[in-house]
Amino acid sequence: MAVAVEKQEPVQQLLKQGAEGKLYIGTYKGNRCLVKERFEKKYRHPALDRQLTRQRIKAEQKAFQRCAAAGLSTPALYGVDLEQRKIYMEYLEHSRTAKEFIDELTATTQADALSESAQLKQLAEQIGHMVGVLHRNNLVHGDLTTSNMLLDPVEKGAEESVFPYRLVTIDFGLSHFSDNHENKGVDLYVLERAILSAHSQLPGLFGMILEAYREHNTNHCKETIAKYEEVRARGRKRTMVG
């Protein structure tokens, strides 16, 4: 069931616009928040567009709830407005994407020391844990990239930690509930391709993530890995053939 939303103040600042929607900084009950708006697709019939948008917003809302139930960190969900096509959520203003963190790390660390970086290993562990728990609970993200993962600073004991962040998963616009091994395998393949594309200087990063994934996905993990390898082989064949 959708969460009722009171009339909000106008959104204030556009942060990002993609193919599916816009992200704003706005307000919810007087508090600063992030607003995700799925805009109307003019090429669709209005009734179909309305139906699809409502379904996807509800699916995204359920993904937030399932992540919370599984103990994974996401921005707090404040409410949704199906009529206005908006989702209101917590704005983590001090966070940065995992991609930004990795880019900074690779720019400031010697190439031969990157594979032994304690920070990189901790990040890989957290990513593997997150994806493993998602799949253990039959939740397929659909768009796993390091740009869709936030690193939010942790205050308690941060000065004593080599990696003082919690990993926060975002953007569930393509997520869905599935116990299908191939769907989960595709999820892993999408993550691998995203990492190889965005972080080509770290060819071992995905392997570290997969190691942690195996530990945390106790729901038919071997079958999922086998499907991932099948999908990967098909992808390589298409690349070779052209």
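Everything that follows concerns the structure shown earlier in this document.
Rules used in this analysis
Residues numbered from 1 in each chain as written. Predicted model: local features only at pLDDT ≥ 70, side-chain atom pairs only at ≥ 80, totals over all residues. Heavy atoms only, no water. Helix = DSSP H or I, 4+ residues; strand = E, 2+ residues; numbered from the N terminus. Rg over C-alpha atoms; globule rule 2.2 N^0.38 Å. Buried < 20%, exposed > 50% of the residue type's maximum accessible area, 1.4 Å probe, protein only. Contact = heavy atoms within 4.5 Å. Areas by Shrake-Rupley, 256 points an atom, 1.4 Å probe, with all protein chains shown as cover. Lys, Arg positive; Asp, Glu negative; His and termini not counted. Charge placed at Lys NZ, Arg CZ, Asp CG, Glu CD. Salt bridge = Lys/Arg side-chain N within 4 Å of Asp/Glu carboxyl O.

Quick word on the overall build of the protein
Move 1: Check the secondary structure of the protein and you find seven helices and ten strands.
Move 2: For the protein, whose C-alpha radius of gyration is 19 Å, the value lies close to the compact-globule estimate of 18 Å for 242 residues.
Move 3: Projected onto its principal axes, the C-alpha positions of the protein cover 55 × 45 × 35 Å.
Move 4: Residue burial in the protein is summarised as follows: out of 242 residues, 44% are buried.
Move 5: Sequence separation of 24 or more characterises 62% of the internal contacts of the protein that already satisfy a separation of 6 or more.
Move 6: Of the accessible surface of the protein, which amounts to about 13,200 Å², a share of 49% is contributed by carbon and sulfur atoms.
Move 7: Side chains of the protein give 34 positive and 32 negative charges; the mean places of these two sets differ by 8 Å.

Re the pattern of salt bridges
Move 1: All told, the structure shown has 16 salt bridges when counted by the stated rule.
Move 2: The partner of R38 in a salt bridge is E60, with the nearest N and O atoms 3.9 Å apart. One end of the pair, R38, is in the loop between β3 (31-37) and α1 (46-70); the other, E60, is in helix α1, with 22 residues separating them in the sequence. Taken as a pair, R38 and E60 share a single burial class, namely buried.
Move 3: Where E192 meets R232, a salt bridge forms, and the shortest distance between an N and an O atom there is 2.9 Å. Residue E192 is located in helix α5 (residues 181-198), and its partner R232 is located in helix α7 (residues 221-241); the two are separated by 40 residues in the primary sequence.
Move 4: In this structure E192 comes out as buried when scored by relative accessible area, which is 6%.

Things to note about the side chain of T169
Move 1: Its location among the elements puts T169 in strand β9 (residues 165-169).
Move 2: We classify T169 as buried; its relative accessible area is 1%.
Move 3: Among residues more than four places away in sequence, those in contact with T169 are S73, T74, P75, M130, H141 and N148.

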